[in-house]
Amino acid sequence: MHDEDLALAISAAHSAGDLLMELWSEREGLTVSSKRAGDFVSEADTTSENHLREVLLAGQQDDHWLGEEGGAHGQGSRRWIVDPLDGTTNFLRGIPHWSVSIALEVDGELTVGVVHDPVHKETFAAKLGGGATLNGVAIKPSDTTVFGSALFGTGVPFGTMAHIEDTTSQIARLMPHCAGIRRMGSAALDLAYVACGRLDGFWERRLQLWDIAAGLLILREAGAVVEGFDPLESPEVSGSVVCGNKALFADFSGYLRSN
């Protein structure tokens, strides 16, 4: 069943990506509203989610749904977890770094994950026990072993978020020891970039499940180390994630967690 679910998720991500590319070319005319300072929702987000819901639930009307814009609907052992446009601010500003994120959870366990980048025609995908791929080719985390050569990613809080100082303190502790830190604006893609070795690690706190569900499975199936900021609490529960390659993870997480 995982193969069929993965094929469906990939097909849905691609068709939503095609819709979004059309809207991206017309983005200056889109209706945009603000959820809070710095956090936007546009016609593109809702159009993509409505399309994904129609496609993913077409043959499984009993499936549960959790989407960023539409919220939770239904009950059952299967739940689709969807971010229809991760990186809305980038999308609206014409920055080519945004994605469609789709995960399937069955009986509380992530079984399928897809992160699709329509601009660059890159599709990261994974199924439980089946490894992770980029456009069908197997991926794995980086083999970087020298911390001074490592490149990390994060998400920097904005607006009135309460944990801005925590994140800036973590950046200050980590920066002197590594080759750089990137804040690119799509957590789903950041996780996928760790899975394929473009980044050596990533961390962010207080994310929503739709931001990270697909990426978490892709990371695990690729062979990355994945923990919550509190290592005793899973990212699915806490919304906070620390991930990286095996060689650097202990030092990386140590810098982040030290006071």
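Here the structure is shown first, and the text comes after it.
Residues numbered from 1 in each chain as written. Predicted model: local features only at pLDDT ≥ 70, side-chain atom pairs only at ≥ 80, totals over all residues. Heavy atoms only, no water.

A. Structural view of helix H2 (residues 43-56). Helix length check: H2 (14 residues) gives 20 Å between terminal C-alpha atoms against 20 Å at 1.5 Å per residue, within 8%. Of the residues making up H2, those classed as buried are Ala44, Asp45, Ser48, Glu49, Leu52 and Leu56. With its buried residues spanning 125 degrees around the axis, H2 presents them on a single face. Exposed side of H2, more than 90 degrees from the buried face: Asn50 and Glu54 are the residues found there. Two or three places before Ala44, at the start of H2, stands the capping residue Ser42, its side-chain oxygen 3.1 Å from that residue's backbone nitrogen. (Helix = DSSP H or I, 4+ residues; strand = E, 2+ residues; numbered from the N terminus. Expected span 1.5 Å × (residues − 1). Buried < 20%, exposed > 50% of the residue type's maximum accessible area, 1.4 Å probe, protein only. Arc of directions from axis to C-beta. Polar contact = N/O pair within 3.5 Å; in protein donor to acceptor, adjacent residues only side chain to side chain.)

B. A look at helix H5 (residues 187-195). Extensive coverage of H5 is indicated by the burial of nine of its nine residues. All of the buried residues along H5 are Ala187, Ala188, Leu189, Asp190, Leu191, Ala192, Tyr193, Val194 and Ala195. One or two positions beyond H5, positive phi appears at Gly197, with a value near 90 degrees.

C. Up close: the pattern of salt bridges. Evaluation of the coordinates by the stated rule reveals eight salt bridges. When the shortest N-O distance is used, the salt bridge between Lys127 and Asp3 registers 2.1 Å. Of this pair, Lys127 sits in strand E8 (residues 122-127) while Asp3 is found in helix H1 (residues 2-24), placing the two residues 124 residues apart along the sequence. Here Arg205 and Asp166 are joined by a salt bridge, their closest N and O atoms 3.9 Å apart. Highlighted residues: Arg205 in the loop between strand E13 (201-204) and helix H6 (209-222) and Asp166 in helix H4 (residues 164-174), separated in sequence by 39 residues. Judged by its relative accessible area of 23%, Arg205 falls in the partly exposed class. One salt-bridge network, in which partners are shared between bridges, spans Asp5, Asp63 and Arg78. (Salt bridge = Lys/Arg side-chain N within 4 Å of Asp/Glu carboxyl O.)

D. Broad picture of the sheet that holds strand E12 (residues 180-182). Spatially, the five strands line up as an open sheet ordered E12-E11-E13-E15-E14, and their pairing is mixed. Two strands close off the open sheet at either side, each with one partner strand: E12 and strand E14 (225-227). Here the strands of the sheet are splayed against their neighbours by 15 degrees on average, with no regard to which way each runs. (Pairing = 2+ DSSP bridges. Axes fitted to C-alpha atoms, helices over the stretch in contact; angles between N-to-C directions.)

E. Layout of the pairing of strand E11 (residues 151-154). Summarising the sheet, E11 and E12 pair through three bridges and their orientation is parallel. Residue Phe152 lies in a different strand from E12, and its bridge partner there is Ile181.

F. Here's a closer look at the packing of aromatic side chains. If you walk through the whole model with that rule in mind, you get eight aromatic pairs. When the ring of Phe91 is compared with that of Trp98, the centres are 4.9 Å apart and the planes differ by 75 degrees; the resulting orientation is edge-to-face. In terms of burial, Phe91 and Trp98 fall into one category: buried. With a centroid separation of 6.2 Å and an interplanar angle of 55 degrees, the aromatic rings of Phe124 and Tyr193 are classed as tilted. Of this pair, Phe124 sits in strand E8 while Tyr193 sits in helix H5; the two residues are 69 residues apart in sequence, bridging distant segments of the chain. (Phe/Tyr/Trp six-rings, centres within 6.5 Å; stacked < 30°, edge-to-face > 60°.)

G. Representation of the sheet that holds strand E9 (residues 132-134). The strand order across the open sheet formed by eight strands is E4-E3-E5-E6-E7-E8-E9-E10, and the pairing between neighbours is mixed. Each edge of the open sheet is held by one strand with a lone partner, namely strand E4 (71-73) and strand E10 (137-138). The sheet contact formed by E9 and E10 spans two bridges and is antiparallel. Its bridge partner being in E10, Leu134 is matched across the sheet by Val137. Against the sheet, H5 engages strand E5 (78-86), strand E6 (99-106), strand E7 (109-117) and E8, with an angle of about 100 degrees to E7. (Contact = heavy atoms within 4.5 Å.)

H. Just the packing of H1 against H2, in detail. Packing of H1 against H2 leaves a shortest axis separation of 9 Å and a crossing angle of 155 degrees. Here H1 is positioned roughly antiparallel relative to H2, judged by the angle of their axes. In the packing of H1 onto H2, the handedness of the crossing is right-handed. When H1 is examined against H2, the residues Leu8, Ala9, Ala12, Ala13, Ser15, Ala16, Leu19, Leu20 and Leu23 are found in contact with a partner set consisting of Ala44, Thr47, Ser48, His51, Leu52, Val55 and Leu56. Its residues assigned to classes, the contact of H1 with H2 shows twelve nonpolar, four polar and no charged. (Parallel < 35°, antiparallel > 145°, perpendicular 65-115°, else oblique. Left-handed = near helix turned anticlockwise from the far one by under 90°. Nonpolar A, V, L, I, M, F, W, Y, C, P; charged D, E, K, R; others polar.)

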